Amino acid sequence: MGTVLKRWKFPAIMLGPFVILIFLFFFLPVILIAIIAFTNMDSAMNWTFNGLTNFHKLVTDPNIVQIIKNTVLYLGFTLLINVGFGLALGILTTYFVQKESVGLVFRTIWMLPRISPPVVYALLWLWFFDPSAYGVLNSLRALVHMSPVDWLTTHPMTAIILANGVIGASYGMIIFSSAIKSIPRDLFQAAMVDGASHWAIIRDIIVPAVRWPLMFVTLWQFLSLLTSYEYILLLTKGGPLFDSEVLALYSFHSAFKNFEFGYGAAVSLVLVIVALLFSFVMWKFFRMEKMLGSSKIE
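Each residue is numbered by its place in its chain's sequence as written, counting from 1. Under the rules for a predicted model, residues below a pLDDT of 70 receive no local features and side-chain atom pairs below 80 are neither given nor counted, while totals for whole chains, interfaces and linings still include all residues. Just so you know, side-chain values use all the structure's heavy atoms and leave hydrogens and water out.

Participant: Go over the overall build of the protein, please, and point to the residues and values.
Facilitator: Across its full length, the protein holds 15 helices and zero strands. Overall size of the protein, expressed as C-alpha extent along the three principal axes, is 80 × 70 × 30 Å. Among the 298 residues that make up the protein, the fraction classed as buried is 37%. Whether two residues are in contact is decided by their heavy atoms, any of which lying within 4.5 Å being enough. Long-range pairs, those at least 24 residues apart, make up 67% of the contacts in the protein with a sequence separation of at least 6. Note that His is not counted, nor are the chain ends; the positive residues are Lys and Arg, and the negative ones are Asp and Glu. Each charge is placed at NZ for Lys, CZ for Arg, CG for Asp and CD for Glu. Of the charged side chains in the protein, 19 are positive and 14 negative; the average position of the first set lies 10 Å away from that of the second. What counts as a helix is a DSSP run of H or I of at least four residues, what counts as a strand is a run of E of at least two, and both are numbered from the N terminus. Only protein chains enter the accessibility calculation, which uses a 1.4 Å probe; a residue is then buried when its area is under 20% of its type maximum, exposed when over 50%, and partly exposed in between.

Participant: If you had to explain the packing of helix α3 (residues 64-96) against helix α11 (residues 211-227) to someone new, which residues and values would you point to?
Facilitator: Only the contacting stretch of a helix is used when fitting its axis, a line to C-alpha atoms as for every element, and angles between N-to-C directions run 0 to 180 degrees. Where α3 contacts α11, the axes come no closer than 10 Å and their chain directions differ by 140 degrees. Taken together, the axis directions place α3 and α11 in an arrangement best described as oblique. The element α3 and its partner α11 pack so that their crossing is right-handed. Counted together, Y74, L75, T78, L79, N82 and V83 of α3 and L214, V217, T218, Q221, F222, L225 and L226 of α11 form the full contact between these two elements. Three classes are used, and their members are as follows: Ala, Val, Leu, Ile, Met, Phe, Trp, Tyr, Cys and Pro are nonpolar, Asp, Glu, Lys and Arg are charged, and the others, Gly among them, are polar. Grouping the amino acids of the contact of α3 with α11 by side-chain chemistry returns nine nonpolar, four polar and no charged. For this classification, under 35 degrees means roughly parallel, over 145 means roughly antiparallel, 65 to 115 means roughly perpendicular, and everything else is oblique. A clockwise turn of the near helix away from the far one marks a right-handed crossing, whereas an anticlockwise turn of less than a right angle marks a left-handed crossing.

Participant: If you had to explain the pattern of salt bridges to someone new, which residues and values would you point to?
Facilitator: Whenever a carboxyl oxygen of Asp or Glu lies within 4 Å of a side-chain nitrogen of Lys or Arg, that contact is scored as a salt bridge. For the structure shown, the criterion picks out four salt bridges. For K181, the salt bridge identified is with E100, shortest N-O distance 3.4 Å. Separated by 81 residues along the polypeptide, K181 in helix α8 (residues 156-181) and E100 in helix α4 (residues 100-115) bring together distant segments of the chain. Judged by relative accessible area, E100 falls into the partly exposed class, the value being 37%. R203 is paired through a salt bridge with D204; the nearest N and O atoms lie 3.1 Å apart. The structure contains a network of salt bridges with shared partners spanning E100, R107 and K181.

Participant: I'd love a proper account of the packing of α8 against α11, names of residues and values included.
Facilitator: Put simply, α8 and α11 touch, their axes get as near as 10 Å, and they point 165 degrees apart. It follows that α8 is roughly antiparallel to α11 by the angle criterion. Judged by the sense of rotation from one axis to the other, the crossing of α8 with α11 is right-handed. Facing α8, whose interface residues are G168, Y171, G172, I175, F176 and A179, α11 presents P213, L214, F216, V217, W220 and Q221. Grouping the amino acids of the contact of α8 with α11 by side-chain chemistry returns nine nonpolar, three polar and no charged.

Participant: Explain the side chain of N50 residue by residue, including any values.
Facilitator: Relative to the assigned elements, N50 resides in the loop between α1 (2-36) and α2 (53-60). Of note is the side chain of N50, whose polar atom sits 3.3 Å from the backbone nitrogen of T39. Ignoring anything within four residues of it in the chain, the contact list for N50 reads F38, T39 and N40. Under this definition, polar contacts are N or O atom pairs within 3.5 Å; protein pairs additionally need one hydrogen-donor-capable and one acceptor-capable atom, and for neighbouring residues in sequence, both atoms have to be side-chain atoms.

The values reported here are purely geometric and, on their own, carry no functional implication.
This is how it looks when you write it as structure tokens:
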């Protein structure tokens with residue numbers, strides 16, 4: 001017994017604080033959300049358990065179909081930009097651009113929005129989509145004598161997908177760039193000698209080599225997009241009406257605008273369940289058991 005305690009003493013000291021923080025800021029909030037979701041907590045912070053009332057209200061909500069549709073479109077297209085465009089940028093700045101300094105400068109510039117405050121980033125997009133003749137898009141339309149368009153009113157989903165996709169691609173770009181640079185250049189040169197095209201090298205060498213980062217970025221970005229709403233709140237506030245409202249923002253509005261904390265927690269709990277299910281599906285789709293298993297080569 002003393003030997004076991006001695007063996008685990010150092011790992012407990014080193015990992016203990018992090019385990020406590022993870023429990024306090026990740027697991028404990030989920031537990032509290034799960035409890036509050038079955039209550040009628042309101043602005044008075046008085047609540048009683050009401051069973052499945054909040055979930056019944058969610059199912060019968062007249063706006064829930066539109067919100068789910070928006071969430072699916074937002075997740076699907078933004079994730080496609082985050083992962084696909086991020087991979088394209090990673091390949092462009094590491095495989096096609098041979099000079100490391102040029103690729104580094106490009107990646108640094110593309111990362112600037114991510115290290116900028118969200119409000120500043122959102123203000124740039126508000127200027128880009130400004131409905132007046134002085135907005136960037138409308139200025140381009142004016143060059144061909146076209147009238148201004150209120151983009152955030154007529155195309156709100158396109159606006160939030162582009163805003164989130166561009167900044168999200170920077171994260172994938174950094175991960176994929178690091179993975180691609182770890183591939184020996186000799187493989188590329190040998191493939192070229194054998195007559196392989198650039199597309200064949202990307203398909204047969206680069207993509208299989210970045211399978212693990214691809215899984216990680218896809219899962220990470222999905223979970224991030226599923227629960228994020230700050231750029232949607234800053235750009236469209238979920239409007240007009242519910243045209244750009246997603247489940248995460250709906251949970252926020254229900255809890256902190258309508259003060260229906262129990263109902264907001266029920267929406268959040270649905271998001272937690274969706275996140276767990278998607279994580280399980282991705283685990284099976286990428287065959288993580290095989291990737292984590294020990295090598296068969298002694």
